[in-house]
Amino acid sequence: MTQAATASASGGGDFHVFDTTLRDGAQMEGLRYSVADKLAVAELLDELGVDYIEGGWPGAIPSDTEFFARAADELNFKHAKLVAFGMTRRAASTAADDPGFQALLDSRAPVLCLVAKSDMRHVEQALRTTPEENLAMITDSVRTGREHERQVFIDCEHFFDGYRHDPVYATLVVKTALDAGAEAVVLCDTNGGSVPSDITAAFTDLRARLLGAGLAPERIRLGMHAQNDTGCAVANTIAAVEAGAMHVQGTANGYGERPGNANLFTVIANLETKLGRKVLPDGGLEKLTRVSHAVAEIANMIPDEHAPYTGHAAFAHKAGIHASAIKADPALYNHVDPVVVGNDMRILVTEMAGRASVELKGRELGIDLSGDKAALDRITTRVKELESKGWSFEAADASFELLVRDEVEGGLPRPFTLDTYRVIVDHDPNGTTVAEATVRVDIHGEHGEADEHRISTAQGNGPVNALDAALRSALAARHPRLAELTLSDFKVRILAGSKGTDAVTRVLISMSDGEAEWTTVGVAPNLIEASWNALADGLAYGLNRR
């Protein structure tokens, strides 16, 4: 990767999108990146088109030191610049003699982001130095970085708390960094306690103070770094931009310590679609959903289904009145076209659904119901009846498709029908539990007729596993493709209003054939029966996918 040669005082244009997923985002509880993970995430963020990627703290964290060593040789960014994070030099020292600062230079990153104290209380109580020495530390560090042909950003830690406590000194910190040659000074809401009005007021007042101190308008380059402790991180970032910030920081999916950071993907989408500010290269915005989910997978985190713009439910509509409007014009209920951010609109089929919801969902599945009002009425009535009994089609598209095709086309060819099943669970004195299931099924031929009767018995570590094994054993000779179908998720829910061991249960089973994943649902007072319903439909659907 080209390093210092790519650094320049002009930066990445008039506006910077600065990602700190690999540094600040990595502080999230339960999240840990390997070096290989960080390299993969960095490549995704560069593909998206962010301007800067903060890779970590070389010299302070061994794995970050390794990351920068490998990144210099293995990453070939097309758009982004790699950033090394660290501190200004220590008090009563010089940047040239500070081992920590030297480690930043040794990382070969073309950009440095240095955290500095801007709250007088932190200067005196945490750094235990004088206000004057803190300013000298900032000046020396920025100038030394620039002398080594690095771009330098200053992160003003706890800026908004410090500004409320002593605006004169906080302003002096910002001016000192800009005078020394910092590319931008980033105002950090470190404890996440601010709301948008706080951000707007501080940016507006700070800019006026800096102009009054003699700084030229073009040199007042300010940025925003927001934590999400008030749930306002994205809103605070947008408020900062509207108040003049030209640099935004955030993390993929809002990862970070405590409640997290500003979700950079939400910030980017808002800037482009709401403020009309183009911050990604052409084609970047439509990659947003894919990159969001890919980063989550690398982090071993479940993607947030309800995340703005990128979540699976971001453009999902349930109520029938919504669907009726969407049928006329999707823009009536979508605040942006989902395709713009690489997402899709979805219609959820529930007891709240009307005919419009069912028709749109059928169209989504490739089934045109518009010309068959009688079938549409039957399907809508059937869905409402089943959902009132606890069935949930909004999370089980495969079950819904089976129901629709049964009404419209006589059903998908069913590879089998159940005659009976039996499950026995043995628990021996040693605590070993073994389940044994026997299934008796009719196997259907090519034209749907039952032409073979099979009985099969198998064992499993539980009753559902035993049923699955017995059914597969019965069908394997006629349907070898069963070997490709794997169970990827199994969820059990006691339905509202049901209590005790005789409660009605809902089972959702997800399966995959390596190319696609589908979900089926079963509901019954008996957990085994609910599981069988979902399992049998899931296998039948999978066998009909080709």
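Predicted model, so just to flag it, every value in this text is computed and none were measured.

K.L.:
Could you clarify how one ought to interpret the nonpolar core in this entry?
P.N.:
Soluble globular proteins tend to pack their nonpolar side chains together in the buried interior. Counting 100 residues, the largest nonpolar core has I154, V174, V185, F203 and I268 as the members making the most contacts within it. If we skip the residues at most four places from it in the chain, I154 touches T88, L114, A116, I138, V142, A177, A182, A184, V185 and V186. Membership of the second largest hydrophobic core comes to 32 residues, among which are A437, L482, L535 and A536.

K.L.:
Please explain the packing of aromatic side chains as it appears in this structure.
P.N.:
For any pair of aromatic rings, geometry is given as the distance between the ring centres together with the angle between the planes. Evaluation of the coordinates by the stated rule reveals 10 aromatic pairs. When the centroid spacing of 5.0 Å and the interplanar angle of 80° are considered together, the rings of Y52 and F153 count as edge-to-face. Here Y52 is found in strand β2 (residues 52-56), whereas its partner F153 is found in strand β5 (residues 151-157), with 101 residues between them in sequence. An aromatic cluster is present here, built from F159, F160, Y163 and F203 joined pairwise through their rings. Taking the ring centre of F85 as reference, the NZ or CZ of R23 above it sits at 3.8 Å. Its end group placed over the ring of F67, K38 keeps NZ or CZ at 5.1 Å from the ring centre.

K.L.:
Looking at this structure, how should I read the sheet that holds strand β8 (residues 247-250)?
P.N.:
Backbone-to-backbone hydrogen bonds join strands into a sheet, with any given pair of strands oriented parallel or antiparallel. Here eight strands make up a closed barrel; going around it, the order is β1-β2-β3-β4-β5-β6-β7-β8 and the pairing parallel. Ignoring strand direction, the axes of neighbouring strands in this sheet form an average angle of 25°. Looking at chain direction, strand β1 (residues 16-19) and β8 are connected through four bridges and run parallel. Residue pairing in the sheet places V17 in a bridge with V248 of β8. Packed onto the sheet, helix α9 (residues 233-242) meets β6 (184-189), β7 (222-226) and β8 and runs at close to 170° relative to β7.

K.L.:
How do you make sense of the packing of helix α1 (residues 35-48) against helix α2 (residues 62-74) when you look at a structure like this?
P.N.:
What describes two packed helices is the angle between their axes and the distance between those same axes. Where α1 contacts α2, the two axes come as close as 10 Å, and the packing angle between them is 50°. Taken together, the axes of α1 and α2 are oblique relative to one another. Judged by the sense of rotation from one axis to the other, the crossing of α1 with α2 is right-handed. In this structure, α1 contributes V35, A36, K38 and L39 to the contact, and α2 contributes S63, D64, E66, F67, R70, A71 and E74. In the contact of α1 with α2, the residues fall into five nonpolar, one polar and five charged.

K.L.:
Looking at this structure, how should I read the pairing of strand β11 (residues 416-427)?
P.N.:
Across a regular strand the side chains alternate sides, sitting on one face of the sheet and then on the other. Relative to strand β12 (residues 433-444), β11 is paired through 11 bridges, and the arrangement is antiparallel. The residue of β12 that forms the bridge with D426 is V434. The turn joining β11 and β12, which pair antiparallel and follow one another in sequence, is formed by five residues; a positive phi near 90° is taken by G431.

K.L.:
Please clarify how the environment of L178 should be interpreted in this entry.
P.N.:
Mapping L178 onto the fold places it in helix α7 (residues 167-180). The buried category is assigned to L178, whose relative accessible area is 3%. Leave out the neighbours within four places in its chain, and L178 touches V185, L215, R219, I220 and R221.

K.L.:
Looking at this structure, how should I read the pattern of salt bridges?
P.N.:
Under the defined criterion, the tally for this structure stands at 31 salt bridges. The partner of R90 in a salt bridge is D98, and the shortest N-O contact between them spans 3.4 Å. When its relative accessible area of 51% is taken as the criterion, R90 is described as exposed. Judged by its relative accessible area of 6%, D98 is buried. A salt bridge links R478 to E452; the nearest nitrogen and oxygen atoms lie 2.7 Å apart. With R478 in the loop between α16 (463-475) and β14 (486-494) and E452 in strand β13 (residues 450-460), this pair connects stretches of sequence that are 26 residues apart. Judged by its relative accessible area of 32%, R478 falls in the partly exposed class. Take E452: its relative accessible area is 26%, and that puts it in the partly exposed class. Each of D451, E452, R454 and R478 takes part in salt bridges that share partners, so that together they form one network.

K.L.:
What is the right way to read the environment of T520 from this model?
P.N.:
For T520, the position within the fold is in strand β16 (residues 517-524). It is 5.5 Å that separates the C-alpha atoms of T520 and I509, two residues lying 11 residues apart in sequence. Look past the residues within four positions of T520 in its chain and what remains in contact with it is A396, A398, S399, V507, L508, I509, A534, D537 and G538.

K.L.:
Looking at this model, I keep getting lost on the pairing of β1. Mind explaining?
P.N.:
Here β1 shows no split at all, with H16 and F18 on one side and V17 and D19 on the other all buried. For β1 and β2, the ladder comprises two bridges, and the chain directions are parallel. Its bridge partner being in β2, F18 is matched across the sheet by Y52. Read as a crossover between parallel neighbours, the route from β1 over α1 to β2 is right-handed.

K.L.:
Is there a simple way to explain a nonpolar patch on the surface in this structure?
P.N.:
On the surface, L487, F490, V492 and L527 cluster together into a nonpolar patch covering about 300 Å² of accessible area. Residue contributions to the nonpolar patch peak at three residues, all from β14. For L487, the position within the fold is in strand β14. On the basis of relative accessibility, which here comes to 37%, the residue L487 falls in the partly exposed class.

K.L.:
So what exactly am I meant to see when it comes to α9 here?
P.N.:
Structurally, the α-helix is built with 3.6 residues per turn, so residues lying three or four positions apart point the same way. The buried count for α9 comes to seven of 10 residues, which makes it a mostly enclosed element. Just downstream of α9 lies G244, where phi reads positive at about 115°.

K.L.:
Whenever I open this one, the sheet that holds β12 confuses me. Can you help?
P.N.:
Pairing is antiparallel in the open sheet, where three strands are placed in the order β11-β12-β13. The strands lining the two open edges of the sheet, one partner per strand, are β11 and β13. Pairs of neighbouring strands in the sheet enclose a mean axial angle of 10°, with direction left out of account. Packed on one face of the sheet, helix α17 (residues 527-543) meets β11 and β12 and runs near 135° to β11.

K.L.:
Just checking my understanding: could you explain helix α8 (residues 196-212) for this structure?
P.N.:
Taking 1.5 Å per residue as the helical rise, α8 with its 17 residues ought to reach 24 Å, and the 24 Å between its terminal C-alpha atoms agrees with that figure. Every buried residue belonging to α8 is among I199, A202, F203, L206 and L210, and all of these are buried. For α8, the angular spread of buried residues about the axis comes to 100°, placing them on one side. Looking at the buried residues of α8, the elements they touch are α6 (159-165), α7, β6, β7 and α9. One or two positions beyond α8, positive phi appears at G214, with a value near 100°.

Cut-off values and rules
- Residues numbered from 1 in each chain as written.
- Predicted model: local features only at pLDDT ≥ 70, side-chain atom pairs only at ≥ 80, totals over all residues.
- Heavy atoms only, no water.
- Core = buried A, V, L, I, M, F, W, Y, C linked by side-chain atoms within 4.5 Å.
- Buried < 20%, exposed > 50% of the residue type's maximum accessible area, 1.4 Å probe, protein only.
- Contact = heavy atoms within 4.5 Å.
- Phe/Tyr/Trp six-rings, centres within 6.5 Å; stacked < 30°, edge-to-face > 60°.
- Helix = DSSP H or I, 4+ residues; strand = E, 2+ residues; numbered from the N terminus.
- Lys NZ or Arg CZ within 6 Å of the ring centre and 35° of its normal.
- Pairing = 2+ DSSP bridges.
- Axes fitted to C-alpha atoms, helices over the stretch in contact; angles between N-to-C directions.
- Parallel < 35°, antiparallel > 145°, perpendicular 65-115°, else oblique.
- Left-handed = near helix turned anticlockwise from the far one by under 90°.
- Nonpolar A, V, L, I, M, F, W, Y, C, P; charged D, E, K, R; others polar.
- Salt bridge = Lys/Arg side-chain N within 4 Å of Asp/Glu carboxyl O.
- Right-handed = clockwise from strand over helix to strand, strands pointing away.
- Patch = residues over 30% accessible without salt bridge, like charges linked within 9 Å, V, L, I, M, F, W, Y side chains within 5 Å.
- Areas by Shrake-Rupley, 256 points an atom, 1.4 Å probe, with all protein chains shown as cover.
- Expected span 1.5 Å × (residues − 1).
- Arc of directions from axis to C-beta.

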